[in-house]
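Report on the structure
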Amino acid sequence: MKTIKYFLLITLLTLMACSKKSDIQNEVQSFLDEYNKQYQKLYYEWNKGEWALNTKIVEGDTVTSKLARDAQEEYAKFTGSRENIEKATKYLLQKDELTDIQVKQLKRILYLAANNPETASEIVKEKIKADTKQTELLYGFDFKIDGKSVTPNEIDDLLNTLTDYDERLKVWEASKEVGVVLKDGLENLRNLRNKSVQALGYDDFFAYHVSDYGMTGDEMLKLCRDMVRDIWPLYRELHTWARYTLAEKYGEQVPDMIPAHFLPNRWGQDWSGIVDVEGLNLDEKLKEHSAEWIVKKSEDFYVSLGFENLPQTFWERSSLYPLPPDAGYKKNNHASAWHMDLDRDVRSLMSVEPNTRWWSTSLHELGHIYYFLSYSNPEVPYLLREGANRGYHEALGSLIGLASLQQPFLEQMELMPEDVQIDKIKVLLKEALEYIVFIPWSAGVMTEFEYELYSKNLPKDQFNSKWWELKYKYQGIEPPYDRGEEYCDAASKTHINNDPAQYYDYAISYVLLFQFHDYIAKQILHQDPHATNYYGSKEVGDFLKKIMQPGASIDWRELLMTSIGSNMSAKPMLEYFSPLMDYLKKVNRDRFYTLPEEFDSSE
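Since the model is a prediction, treat every value here as computed from it, not as a measurement.

A separate point is the packing of aromatic side chains. Applying the stated criterion across every chain yields a total of 52 aromatic pairs. Summarising the aromatic geometry, the rings of Trp232 and Phe599 are spaced 5.0 Å apart at their centres and angled 45° between planes, so their arrangement reads as tilted. With Trp232 in helix 9 (residues 217-250) and Phe599 in the segment after helix 23 (578-587), this pair connects stretches of sequence that are 367 residues apart. Phe599 shares its class with Trp232; the two are buried. For the ring pair Phe307 and Tyr370, a centre distance of 5.3 Å and an interplane angle of 55° mean the geometry is tilted. Residue Phe307 is found in the loop between helix 11 (291-304) and helix 12 (312-317), and its partner Tyr370 is found in helix 13 (residues 356-375); the two are separated by 63 residues along the sequence. The ring of Trp51 carries Arg347 above its face, with NZ or CZ at 5.3 Å from the centroid. In this structure, Arg483 packs its charged tip against the face of Tyr487, placed 3.7 Å from the ring centre.

Right, here's the structure in full:
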């Protein structure tokens, strides 16, 4: 009898505990449902304001910027509201009684709140106003060479083609003039961004963004320095090769460090333009097609993997092509993908032209778009509709960018004759000048500069000297002449202004993309990683969907382990380029190296 009573008591207590747990879960779910609904609505309005601000920049127009600012302020007011902060904080005290996905959403609410806390409402308003002004200055800037206006696309083309030393210098200088008008705004934004997140306990704006990875600022710096250290031997070989190659090209003496205007990219982040691989340059072939054809073919690629056709609204609402000369307004020419409403309204902002660069860029941007669409499903709340981490988004876009220039795929697209003979080492060299060269720039220069800017409150009168100190240390690049503090060359880079303190995302993405590509090539397609063709493989599509569909509802480390069975590692990247390393050592055997043999990762 006692045994029966004891059993009944245990059963009753268990039922009461379950009921209590169910009650708190129901209460939290009710809060989250309402929050998600309002969050999506205000996020959409903010994005529509930003879209207008980026796609139609009219000199003297104050209405568009005011509408964008008003929408951002409403979003900020909601996400940073004291009531939402207090409720999320209170519920997290009982996180053991909640589901994992509820806990993830509550933590996300607090993360969003830190960027716009009501407790610092005046600072948030000032920050939004300063953000809007900086965007207008950045994308409304009139670049000029010899008094004639030029577009950013034209600057890029000139740096890729000009061989005259003086002409190159003029183009490079023109690309940096925008930094001068942005310098004061950058200092002001740094102060406001730091103050806004400090109101919710973060040390600074850099540490705030890093926390989204579950890391501290110092841990992220170590990760980034380790990435640079891992690829440094190959980068050193590439740097030596480039010094000698560029000196010969321009008829100059071999420099110890590479003058910035020698390089085909205005920031020195991509050197692939130095090498022209016969048969791989698709410009002539793509000129036979329209810019619209490129974007349609990009969609066709994803559909071949088993993804859906893009929504009709994508074609109706995107801004995909360069503006006509008589447009009467400007637009942001930096390629980007937009998840406007965290659901089906997806758009891309590009300036597609029929050339090799935009072929790869278009496929990359649609990678983001299909990631958006994949995690816009009922299993993923609006709050968690983003990449598993920010690097995942870039990794999946860049993965397709890499695959889009491999020979079997190009043959499938009829952009290259079958069995054409291509110098495989040259192909690897061109790829390394894009992917390997990017790591010291992204994990090194950009990450360290923004760390100094936000975490160390770098004084404005040291912006330019610190920038070039980091360029020298990480990239072995120097300015063509002394660039004093009247300049702000860092601010000529879009992300420093309006996508701040997150550039390490791209470095992480490059490591991840080679892990994903290695897995796809070897485990799914059973092809050489240097010669793959993803087109038409539903198995590749299923693999990508498995990564994309959960959004941020699963921890990024867990997702990596379950998808490829490995932690984050640069090993596949280095293995991919190992034949090139052997080649460069032979080419550079009698040359003088100016970068240290080992990268000094100390501060």
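Moving on from the coordinates now.
Checked against the element boundaries, Val180 lands in helix 7 (residues 165-198). Residue classification places Val180 among the partly exposed residues on the basis of a relative accessible area of 35%. Linking Val180 and Cys488, residues 308 residues apart in sequence, is a C-alpha distance of 5.5 Å. Contacts of Val180, omitting those with residues within four sequence positions, involve Glu486 and Tyr487.

Following both chains from N to C, one finds helix 9 and helix 19 (residues 504-525) inclined at 50°, their axes separated by 11 Å at the closest point. As judged from the angle between their axes, helix 9 and helix 19 are oblique. Once helix 9 is placed against helix 19, the crossing between them reads as left-handed. In contact with Met220, Leu223, Cys224 and Met227 of helix 9, helix 19 contributes Tyr504, Ala507, Ile508 and Val511. Counted by class, the contact of helix 9 with helix 19 contains eight nonpolar, no polar and no charged residues.

Ranked by size, the top nonpolar core spans 152 residues in total, and within it Phe516 and Phe577 carry the most contacts. With 18 residues, helix 16 (residues 424-455) is the single largest residue contributor to this core. For Phe577, the contacting residues outside a window of four places in its chain are Leu234, Leu428, Glu431, Ala432, Tyr435, Ile436 and Phe514. Formed by 20 residues, the second largest nonpolar core is a distinct cluster that contains Phe31, Tyr39, Leu42 and Val103.

Covered by surrounding structure in strand 4 (residues 336-339) are Ser336 and Trp338 together with Ala337 and His339, the residues of both alternating faces. Pairing of strand 4 with strand 5 (residues 346-349) involves four bridges; the strand directions are antiparallel. Within the sheet, the bridge partner assigned to Trp338 lies in strand 5 and is Arg347. Following strand 4, the chain reverses through six residues before pairing antiparallel with strand 5; Leu342 in that reversal takes a positive phi of roughly 60°.

Analysis parameters
- Residues numbered from 1 in each chain as written.
- Predicted model: local features only at pLDDT ≥ 70, side-chain atom pairs only at ≥ 80, totals over all residues.
- Heavy atoms only, no water.
- Phe/Tyr/Trp six-rings, centres within 6.5 Å; stacked < 30°, edge-to-face > 60°.
- Helix = DSSP H or I, 4+ residues; strand = E, 2+ residues; numbered from the N terminus.
- Buried < 20%, exposed > 50% of the residue type's maximum accessible area, 1.4 Å probe, protein only.
- Lys NZ or Arg CZ within 6 Å of the ring centre and 35° of its normal.
- Contact = heavy atoms within 4.5 Å.
- Axes fitted to C-alpha atoms, helices over the stretch in contact; angles between N-to-C directions.
- Parallel < 35°, antiparallel > 145°, perpendicular 65-115°, else oblique.
- Left-handed = near helix turned anticlockwise from the far one by under 90°.
- Nonpolar A, V, L, I, M, F, W, Y, C, P; charged D, E, K, R; others polar.
- Core = buried A, V, L, I, M, F, W, Y, C linked by side-chain atoms within 4.5 Å.
- Pairing = 2+ DSSP bridges.

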